[in-house]
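Below are the chains, spelled out letter by letter.
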Amino acid sequence: MPRELAILSFQTLDGVMQAPKLPDEDTSGGFTKGGWADPHWDGVMEQVGREAMAEPYDLLLGRKTYELFAPNFAPAGNDNPMNNARKYVATSTLTRLDWNNSVILSGDIATEVTRLKNQDGPLLQVHGSWQLIQTLLAKSLIDEFRIWSFPVLVGAGKRLFGEDTAPRGLKLMKADTTSTGVTMSIYR
């Protein structure tokens with residue numbers, strides 16, 4: 001049975017998904033507001049674990065997100081479910097991946113992702129990976145949007161849904177709010 005693809009994204013109320021956790025996580029484009037999610041983090045990761053990571057999944061990551069995640073999660077061993085997942089990494093520059101269960105995807109990424117979706121296997125989840133998400137949006141390859149909206153406005157930055165996003169209707173499947181005002185919305 002073919003598998004589906006879901007994105008998991010943290011964003012501000014004004015739609016910015018750039019650098020949620022660390023000030024220097026992604027400063028591209030002169031972004032200086034990194035770490036905007038940190039004051040509201042309580043309860044979010046518990047909810048993420050329960051709502052998005054409890055069932056088996058494989059990861060689909062862009063190179064930058066892979067390079068951010070690998071040194072932080074790999075040392076946790078089997079205590080972190082990401083270490084047990086197969087990780088597909090969209091990259092045109094990396095030739096070696098040291099994080100266990102990691103596989104390089106290169107060439108036409110939309111074609112590669114379509115191939116992965118047509119295989120048997122668990123859900124494909126995309127975490128972070130702004131540029132990859134834009135490619136997946138443009139090719140209508142996303143089946144589910146798992147979005148955590150934080151009660152923060154930062155203005156400029158990389159937006160989950162940019163000006164080039166094609167119009168489409170979505171159905172809200174589930175919603176919940178943390179004690180710090182972060183809203184989880186799952187759309188199909």
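Residues numbered from 1 in each chain as written. Predicted model: local features only at pLDDT ≥ 70, side-chain atom pairs only at ≥ 80, totals over all residues. Heavy atoms only, no water.

K.L.:
Any chance you could break down the environment of G128 for me, citing the residues and the numbers?
P.N.:
By secondary structure assignment, the location of G128 is in the loop between β5 (123-127) and α5 (130-138). Residues G128 and F69, spaced 59 residues apart in sequence, show a C-alpha to C-alpha distance of 9.9 Å. Residues in contact with G128, not counting those within four places in the same chain, are L8, M17, T65 and I133. (Helix = DSSP H or I, 4+ residues; strand = E, 2+ residues; numbered from the N terminus. Contact = heavy atoms within 4.5 Å.)

K.L.:
Quick rundown of the packing of aromatic side chains? Include the residues and the values.
P.N.:
Summed over the entire model, instances satisfying the criterion amount to 9 aromatic pairs. Consider the rings of F69 and F73, whose centres lie 5.1 Å apart with planes at 90°: the pair is edge-to-face. With a gap of 4 residues between them, F69 and F73 both fall in helix α2 (residues 63-73), about one helical turn apart. The buried category is assigned to F69, whose relative accessible area is 15%. Judged by relative accessible area, which is 24%, F73 ranks as partly exposed. With 6.5 Å between their ring centres and 20° between their planes, F73 and W99 make a pair best called stacked. On the criterion of sequence distance, the pair formed by F73 in helix α2 and W99 in the loop between β3 (87-90) and β4 (102-105) is long-range, its members being 26 residues apart. A network of ring pairs unites the aromatic residues F10, W36, W41, W148 and F150 as a single cluster. (Phe/Tyr/Trp six-rings, centres within 6.5 Å; stacked < 30°, edge-to-face > 60°. Buried < 20%, exposed > 50% of the residue type's maximum accessible area, 1.4 Å probe, protein only.)

K.L.:
Explain the side chain of S9 to me, and be specific about the residues and the numbers.
P.N.:
Among the structural elements, S9 can be located in strand β1 (residues 5-12). A relative accessible area of 2% places S9 in the buried class. Those residues within four positions of S9 in sequence are excluded, and the remaining contacts are M17, R146, I147, W148 and L160.

K.L.:
Could you give an account of the pattern of salt bridges, with specific residues and numbers?
P.N.:
Here the structure, examined in full by the defined rule, presents 15 salt bridges. E4 is the partner of R188 in a salt bridge, and the nearest nitrogen-oxygen pair spans 2.7 Å. Of the two residues, R188 is situated in the segment after β8 (183-187) and E4 in the segment before β1; the sequence distance between them amounts to 184 residues. Accessibility expressed as a relative area gives 32% for R188, which makes it partly exposed. Relative accessible area serves as the criterion here: at 34%, E4 is assigned to the partly exposed category. Three or more residues joined by partner-sharing salt bridges are found here, namely E46, R50, E51, K174 and D176. (Salt bridge = Lys/Arg side-chain N within 4 Å of Asp/Glu carboxyl O.)

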